[in-house]
Amino acid sequence: MLAHPVRPNAFTLSSLLKACTLHPGRAVHSHAFKLGLASDLYVSTGLVDAYARGGDVVSAQKLFDTMPQKSLVSSTAMLTCYAKHGMLREARLLFEEMEVKDVVCWNVMIDGYAQHGYPNESLLLFRRMMGMKVRPNEITLVAVLSSCGQLGALESGKWVHSYVENNGVGVRVNVRVGTALVDMYCKCGSLEDARKVFDVIEGKDVVAWNSMIMGYGIHGFSDEALRLFHEMCCVGVKLKPSDITFVAVLTACAHAGLVRKGWEVFDLMKDRYKMEPKIEHYGCMVNLLGRAGRVIEAYDLVRSMEVEPDPVLWGTLLWACRVHNDVSLGEEIAEFLVSNDLASSGTYVILSNMYAAARNWVGVAKVRSLMKGSGVEKEPGCSSIEVDNRVHEFVAGDLRHPRSKDIYSMLEEMNGWLKARGYTPNTDVVLHDIGEQQKEQSLEVHSEKLALAFGLISTSPGTAIKIVKNLRVCLDCHAVMKMVSKITGRRIIMRDRNRFHHFENGSCSCGDYW
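Residues numbered from 1 in each chain as written. Predicted model: local features only at pLDDT ≥ 70, side-chain atom pairs only at ≥ 80, totals over all residues. Heavy atoms only, no water.

Asker: Just checking my understanding: could you explain the sheet that holds strand β3 (residues 465-469) for this structure?
Answerer: What links the strands of a sheet is backbone hydrogen bonding, and the strands pair in either a parallel or an antiparallel sense. The 6 strands are arranged β2-β1-β3-β4-β5-β6 in an open sheet whose pairing can be described as mixed. Only two strands of the sheet have a single neighbouring strand rather than two, namely β2 (390-395) and β6 (507-508). The sheet contact formed by β3 and strand β4 (residues 492-495) spans 4 bridges and is parallel. The partner of Ile-467 across the bridge, within β4, is Met-494. Where helix α25 (residues 447-458) meets the sheet, its contacts fall on β1 (382-387), β2, β3 and β4, and the angle it forms with β1 comes to roughly 15 degrees. (Pairing = 2+ DSSP bridges. Helix = DSSP H or I, 4+ residues; strand = E, 2+ residues; numbered from the N terminus. Contact = heavy atoms within 4.5 Å. Axes fitted to C-alpha atoms, helices over the stretch in contact; angles between N-to-C directions.)

Asker: Teacher, can you tell me more about empty space enclosed by the protein here?
Answerer: Once rolled over the atoms, a probe with the size of a water molecule shows which space is left empty. If you walk through the whole model with that rule in mind, you get 1 cavity of 30 Å³ or more. Estimated volume of the largest cavity: approximately 80 Å³. Leu-411, Met-414, Asn-415, Leu-418, Lys-419, Tyr-423, Pro-425, Glu-440, Leu-443, Glu-444, Lys-449 and Val-480 are the residues that line the largest cavity. For the lining of the largest cavity, the elements supplying multiple residues, two or more each, are α23 (404-420) and α24 (436-444). Take the lining of the largest cavity: its biggest share by element is 5 residues, from α23. Here the lining of the largest cavity is built from residues that sort into 7 nonpolar, 1 polar and 4 charged. (1 Å grid on protein atoms, 1.4 Å probe; cavity = no way out; pocket = protein on both sides within 12 Å on 5 of 7 lines; lining within 4 Å. Points joined across faces, edges and corners; volume = space filled by probe spheres on them. Nonpolar A, V, L, I, M, F, W, Y, C, P; charged D, E, K, R; others polar.)

Asker: I would appreciate a short explanation of the pairing of β4 in the present structure.
Answerer: Consecutive residues of a regular strand have side chains that alternate between opposite faces of the sheet. Judged by which residues are buried, β4 turns out to be covered on both faces: Ile-492 and Met-494 on one side and Ile-493 and Arg-495 on the other are all buried. Read from β3 through helix α26 (residues 475-488) to β4, the crossover connection turns out right-handed. In the sheet, β4 pairs with strand β5 (residues 500-504) via 4 bridges, with the strands oriented antiparallel. Bridging across to β5, Ile-493 finds its partner in His-502. Following β4, the chain reverses through 4 residues before pairing antiparallel with β5. (Buried < 20%, exposed > 50% of the residue type's maximum accessible area, 1.4 Å probe, protein only. Right-handed = clockwise from strand over helix to strand, strands pointing away.)

Asker: Looking at this structure, how should I read the UniProt feature "repeat: PPR" (unreviewed entry) in the protein chain?
Answerer: Residues annotated in UniProt with the feature "repeat: PPR" (unreviewed entry) correspond here to residues 71-101, 102-136 and 205-239. Within residues 71-101, the helical portion is 74% and the strand portion 0%, while the C-alpha atoms at the span's ends are 11 Å from each other. Taken as a whole, residues 102-136 contains 74% helix and 0% strand, while its terminal C-alpha atoms sit 10 Å from one another. (UniProt positions renumbered as here; feature names shortened; annotations may be inferred.)

Asker: Any chance you could explain the nonpolar core here in plain terms?
Answerer: Side chains of a nonpolar character, in soluble globular proteins, are inclined to be buried together. Formed by 119 residues in total, the largest nonpolar core has its most connected members in Leu-79, Met-212 and Leu-317. For Leu-79, the residues in contact, after removing those within four places along its chain, are Ala-91, Leu-94, Phe-95, Met-98, Cys-105, Val-108 and Met-109. Counting 30 residues, the second largest nonpolar core, distinct from the first, contains Ile-385, Phe-394, Met-481 and Met-494. (Core = buried A, V, L, I, M, F, W, Y, C linked by side-chain atoms within 4.5 Å.)

Asker: Is there a simple way to explain the pairing of β2 in this structure?
Answerer: Bridge count for β1 against β2 is 6 bridges, and the pairing is antiparallel. Among the inter-strand pairings, Ser-384 is bridged to a residue of β2, identified as Glu-393. In this antiparallel pair of consecutive strands, β1 and β2, the connection spans 2 residues, and Asp-388 shows a positive phi of 55 degrees.

Asker: Looking at this structure, how should I read the pattern of salt bridges?
Answerer: Opposite charge on two side chains permits pairing when their charged atoms draw close. Taken as a whole, this structure holds 20 salt bridges when the rule is applied. With its nearest N and O atoms 3.2 Å apart, the salt bridge here joins Lys-187 to Asp-183. Highlighted residues: Lys-187 and Asp-183, both in helix α11 (residues 175-187), separated by 4 residues, approximately one helical turn. Here Glu-379 makes a salt bridge to Arg-497, at a shortest N to O gap of 2.6 Å. Of this pair, Glu-379 sits in the loop between α22 (361-374) and β1 while Arg-497 sits in the loop between β4 and β5, and the two are 118 residues apart along the sequence. Residue Glu-379 is classed as partly exposed on the basis of its relative accessible area of 35%. (Salt bridge = Lys/Arg side-chain N within 4 Å of Asp/Glu carboxyl O.)

This is the structure in structure tokens:
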């Protein structure tokens with residue numbers, strides 16, 4: 001067109017920009033200047049969108065700020081640009097300034113919060129959206145269900161499920177929403193509800209199967225996960241396992257200590273399905289071997305890998321060294337991570353814990369000094385529980401809750417139950433150089449125990465108590481959960497960083513293997 005005497009107009013450029021990636025978009029921008037069309041509303045909106053899609057936040061923002069008139073489309077493009085890049089503060093400011101907000105704008109913010117680890121904000125915004133009578137669509141529902149899953153907010157998730165059923169979305173025909181429900185129920189500790197939804201989804205795709213298999217895996221129900229995997233493989237040629245399927249199955253094997261089965265699945269992926277293992281699959285195998293105490297075998301696997309091991313994989317191996325007290329190898333791995341600037345806060349914490357378990361307080365002091373010098377801070381433990389559609393969060397020794405007095409009274413009562421039945425605090429898990437009495441006092445106010453106490457005083461007798469913790473549950477709290485489940489006759493379901501624990505009648509679904 002440019003080679004002929006035909007002058008492009010605003011419609012030409014705005015249409016062209018819809019097809020442009022970043023670099024062609026810049027070329028069109030140059031032409032828009034030459035043709036005097038850069039200030040046209042449709043052209044400038046198309047340019048903002050092209051820069052936003054290309055990830056050039058600075059150019060998109062500059063152009064957006066100079067627009068004398070901003071359309072809903074240009075505002076939404078800028079809003080989306082801020083939210084894919086995690087600039088949620090800027091996105092929220094723009095969102096609040098917008099006089100007209102359609103469902104797309106609400107979706108960008110709700111999904112942005114969900115994707116970037118702010119599920120509480122996502123749910124609050126969704127409730128505000130519903131209060132303003134804006135009708136959610138499939139994208140909204142999937143984002144909200146993701147937030148419910150992150151928080152373990154089962155009651156909120158059930159409300160969304162009810163909305164889906166009562167407003168013509170229907171999990172039978174909508175695989176994406178159905179899969180999001182399966183994932184939410186699994187992460188909220190309700191496998192029964194997850195399976196009910198899974199069974200009624202019509203035309204299940206590989207993502208739906210993966211969600212259910214992974215659900216069984218993280219809950220420690222390896223037999224069910226493997227059974228469902230074999231069922232999936234028999235469905236037909238149109239449904240082949242993906243790389244995520246094998247991550248799910250290998251995760252199930254790791255949580256149950258099925259080393260032989262894990263190797264079978266790993267080889268099946270390579271030999272039958274011709275998939276080259278990715279870093280995630282090697283990570284699962286290292287986790288499986290490490291949990292089973294085969295730390296040297298795991299280390300040999302890492303060194304023989306065809307892909308470059310990442311810090312997460314090294315961290316998995318380091319954790320295995322901590323669990324099985326291989327201080328020498330743990331030091332070697334930690335030194336490698338620190339010297340190559342790959343260490344995270346977890347690296348330092350695990351190494352410090354290894355030294356503390358060996359009562360090497362000099363080593364502990366050295367690691368903590370390194371952490372301070374590197375500006376690394378330990379992630380604080382936090383436990384949450386949902387009661388009456390509200391998520392309550394606790395940290396160790398927390399006194400902020402309005403019902404703190406009642407919570408600590410219940411803690412005292414719990415301690416009485418436990419001691420009457422022979423409970424002795426496992427002070428070995430307190431990795432600080434302090435006296436035994438101080439260690440016991442520290443254990444009594446762990447965040448998961450506070451959440452449990454609140455659950456006991458805030459929910460009806462006989463109902464299950466569901467707790468979510470951001471870190472691995474400690475040995476002492478694990479033992480207390482088992483005992484309290486037997487004393488009270490209540491199921492306690494806990495999701496920690498690694499897996500789910502179902503405590504019932506004095507035992508745990510993990511079989512004390514986690």
